[in-house]
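Remarks on the overall topology
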Amino acid sequence: MDTKNQPENPGRRGVIKTALGVGVAMYSPFVWTRSRVAPQQIVIRDPGGVLSRLYKKVLYEPFTRKTGIKVINVWSDAEPTAYIRTMVETKSQSWDMASLSHRAILYLTTGKNIYLKKHGLESDPIVSGIAPQFISPYGVGTNVYTTVLTYRKDIFKNRQAPLSWRDLWDVDNFPGRRGLRKLPFDTIEQALMADGVTPSEVYTCDLERAFRSLDKIKPHIAVWWTSGPQIEQILNSGEVDLMPALISKLQAATSAGAPFAFSWDQHIYGYDNWAIFEETRNADACREFIKFASHPERQALLAPDAIGPTHPGAFNHIAPQQAKLLQTYPNNLKKGLFIDASYWLKNQSTTIERFNEWMLSDKKHAPLGLIPLRYS
């Protein structure tokens, strides 16, 4: 086995002191090499926040120690597809690769212009072990994320806890302050399942039915959230009693003492990928990083922070009790709804516009929106 990809002992996992931002120095093999002694480096875009800190500790710094290739990580807003397209088209590329959702991967590789480079790692001994549903020609799955229904244990102590999206909508039998995402992604799917649509029948989404369902819950929503850090803030402050939440943010809040539990029933999951940009001159170094980050023992080191491994072999290195808390644990994964990226590729613009109009209107069944809105 390639020892370059073997994990090191990262030390105590809980001690993560490094600040965010343009943190880890990473240098690439073919750029800025005017002399033979110039350091190798690559620049990786990641989502920022907790993930940046974890990736620095578990991936970036150990990779540099193993290979000598330094990593500069930069972070941006979620799904920076418009920026990526502009960067590649204008040949002003400052990133070599990125962590991108499977929805963004599809968006950047559909149509006349292709903005990502094929990684060509399907036959690599390590990468070939990634579960087939989490790999494509342009992306290698690195983190399966999921949205679950979460609730306050103290509020639902000694009574039935909410377990499904239908329960979230049932304000009579499950009273409490509610939160919901202020974007149609996941929210449309939740509204349909709350109205009785089975997960296998959610796509293609019946938007008329979804907005009728949303009309019912709208008056009962105390907080509309838009970002991962906001989820943690809401959970820690006790502003809501039940809401959909990203499980990684939920775990961070509960680790800090927030009294929340959650249900795996009908969780909604997708995955992030390591992807290489079409115009990079550092593709080989990027491939070395992907192989390193895909090692099952390396992925296992991220499991205590609710990062769902994409390599089944990672579970051989995760304690059984910890494994049961992960979204890719087989019994959990089969209870979830996989986000259909192809549906959102075709429908996201009109659905976002309609959702935006619906949020601003007190009327039921808001008409198709007229406000142009780009989500990227």
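Residues numbered from 1 in each chain as written. Predicted model: local features only at pLDDT ≥ 70, side-chain atom pairs only at ≥ 80, totals over all residues. Heavy atoms only, no water.

Observations regarding the packing of helix 7 (residues 228-237) against helix 8 (residues 247-255)
One way to put it is that helix 7 packs onto helix 8 with a least axis distance of 9 Å and a crossing angle of 35°. In this structure, the crossing between helix 7 and helix 8 has a hand that is right-handed. Between helix 7 and helix 8, the contacting residues are Gly-228, Pro-229, Ile-231, Glu-232, Leu-235 and Asn-236 on the first element and Lys-249, Leu-250, Ala-252 and Ala-253 on the second. Split by residue class, the contact of helix 7 with helix 8 holds six nonpolar, two polar and two charged. (Axes fitted to C-alpha atoms, helices over the stretch in contact; angles between N-to-C directions. Helix = DSSP H or I, 4+ residues; strand = E, 2+ residues; numbered from the N terminus. Left-handed = near helix turned anticlockwise from the far one by under 90°. Contact = heavy atoms within 4.5 Å. Nonpolar A, V, L, I, M, F, W, Y, C, P; charged D, E, K, R; others polar.)

Here we look at the environment of Asp-186
Tracing the chain through its elements places Asp-186 in the loop between strand 7 (178-181) and helix 5 (187-194). Between the alpha carbons of Asp-186 and His-267 there is a distance of 9.6 Å; along the sequence they are 81 residues apart. With residues up to four places along the chain from it excluded, the contact list for Asp-186 reads Thr-147, Arg-181, Ile-268 and Ile-339.

A word on the nonpolar core
Membership of the largest hydrophobic core comes to 39 residues, with the highest contact counts inside it found for Trp-169, Leu-180, Ile-188, Val-202, Tyr-203, Cys-205 and Leu-214. Counting residues per element, the ones that place at least two in this core are strand 6 (139-152), helix 4 (165-169), helix 5, helix 6 (207-217), strand 8 (221-225), strand 10 (260-277) and helix 13 (341-360). With six residues, helix 13 is the single largest residue contributor to this core. Those residues within four positions of Leu-180 in sequence are excluded, and the remaining contacts are Leu-168, Trp-169, Thr-187, Gln-190, Leu-214, Ile-217, Ile-221, Val-223, Trp-224, Trp-225 and Pro-244. Ranked by size, the runner-up nonpolar core spans 34 residues in total, among them Cys-286, Phe-292, Ala-293 and Leu-302. (Core = buried A, V, L, I, M, F, W, Y, C linked by side-chain atoms within 4.5 Å. Buried < 20%, exposed > 50% of the residue type's maximum accessible area, 1.4 Å probe, protein only.)

Considering the environment of Ser-237
Summarising the element assignment, Ser-237 is placed in helix 7. Residue Ser-237 is classed as partly exposed on the basis of its relative accessible area of 45%. Along the sequence, Ser-237 and Ala-258 sit 21 residues apart, while their C-alpha atoms lie 8.4 Å from each other. At a separation of 2.9 Å, a polar atom in the side chain of Ser-237 contacts the side chain of Glu-239. (Polar contact = N/O pair within 3.5 Å; in protein donor to acceptor, adjacent residues only side chain to side chain.)

With respect to the confidence of the model for the protein chain
Residues at a pLDDT of 70 or more form 85% of the protein chain, whose mean pLDDT is 86. Taken together, the stretch residues 364-376 has pLDDT below 50 and engages in 37 contacts with residues farther than four places along the chain or on a different chain. (pLDDT = per-residue confidence, 0-100.)

Focus on helix 5
Burial within helix 5 is extensive, with eight of its eight residues counted as buried. Listing the buried residues of helix 5 in full gives Thr-187, Ile-188, Glu-189, Gln-190, Ala-191, Leu-192, Met-193 and Ala-194. Gly-196 occupies a position one or two residues after helix 5 and carries a positive phi of about 105°.

Overview of the pairing of strand 3 (residues 97-101)
Taken across its five residues, strand 3 has five buried, putting it largely inside the fold. Side-chain alternation along strand 3 places Met-97, Ser-99 and Ser-101 on one buried face and Ala-98 and Leu-100 on a second face that is also buried. Across two bridges, strand 1 (residues 41-46) lies against strand 3 in parallel orientation. Looking at the pairing, Arg-45 lines up with Ala-98 of strand 3. Pairing of strand 3 with strand 10, which is carried by five bridges, proceeds in the antiparallel orientation. Each bridged residue has a counterpart across the sheet, and for Met-97 the counterpart in strand 10 is Ile-276. (Pairing = 2+ DSSP bridges.)

Some details on the packing of helix 5 against helix 6
The angle between the axes and the distance between the axes are what describe a pair of packed helices. At a minimum axis distance of 8 Å, the contact between helix 5 and helix 6 shows a crossing angle of 80°. Looking at the two axes, helix 5 sits roughly perpendicular to helix 6. Two secondary-structure elements touch here, helix 5 through Thr-187, Ile-188, Ala-191, Leu-192 and Ala-194 and helix 6 through Leu-207, Arg-209, Ala-210, Phe-211, Ser-213 and Leu-214. Residues that form the contact of helix 5 with helix 6 fall into these classes: eight nonpolar, two polar and one charged. (Parallel < 35°, antiparallel > 145°, perpendicular 65-115°, else oblique.)

Quick look at the packing of aromatic side chains
All chains considered together, the criterion is met by 20 aromatic pairs. On the numbers, 5.9 Å between centres and 40° between planes, the contact of Tyr-60 with Phe-289 is tilted. Placement of the pair is Tyr-60 in helix 1 (residues 49-67) and Phe-289 in helix 9 (residues 283-294), with a sequence separation of 229 residues. Overall, the relative accessible area of 0% leaves Phe-289 in the buried class. The ring of Trp-358 has Lys-218 sitting right over it, with the charged end atom 4.5 Å from the ring centre. (Phe/Tyr/Trp six-rings, centres within 6.5 Å; stacked < 30°, edge-to-face > 60°. Lys NZ or Arg CZ within 6 Å of the ring centre and 35° of its normal.)

Focus on the environment of Ser-92
As for its placement among the helices and strands, Ser-92 is situated in the loop between helix 2 (81-89) and strand 3. Distance in space between the C-alpha atoms of Ser-92 and Glu-279 is 9.5 Å, their sequence separation being 187 residues. Setting aside its immediate chain neighbours within four residues, Ser-92 contacts Thr-86 and Met-87. A polar contact of 2.7 Å, which involves the side chain of Ser-92, links it to the side chain of Thr-90.

Quick notes on the pattern of salt bridges
The tally for this structure, following the rule as stated, stands at ten salt bridges. With its nearest N and O atoms 2.6 Å apart, the salt bridge here joins Arg-152 to Asp-154. Classification of Arg-152 by relative accessible area gives buried; the value is 13%. The exposure class assigned to Asp-154 is partly exposed, which follows from its relative accessible area of 40%. Across the salt bridge formed by Arg-287 and Asp-284, the nearest N and O atoms sit 3.1 Å from each other. Taken together, the residues span about one helical turn, with Arg-287 and Asp-284 both in helix 9 at a distance of three residues. Arg-287 gets classed as buried once you look at its relative accessible area, which sits at 19%. One network of salt bridges, with partners in common, ties together Asp-195, Arg-209 and Lys-216. (Salt bridge = Lys/Arg side-chain N within 4 Å of Asp/Glu carboxyl O.)

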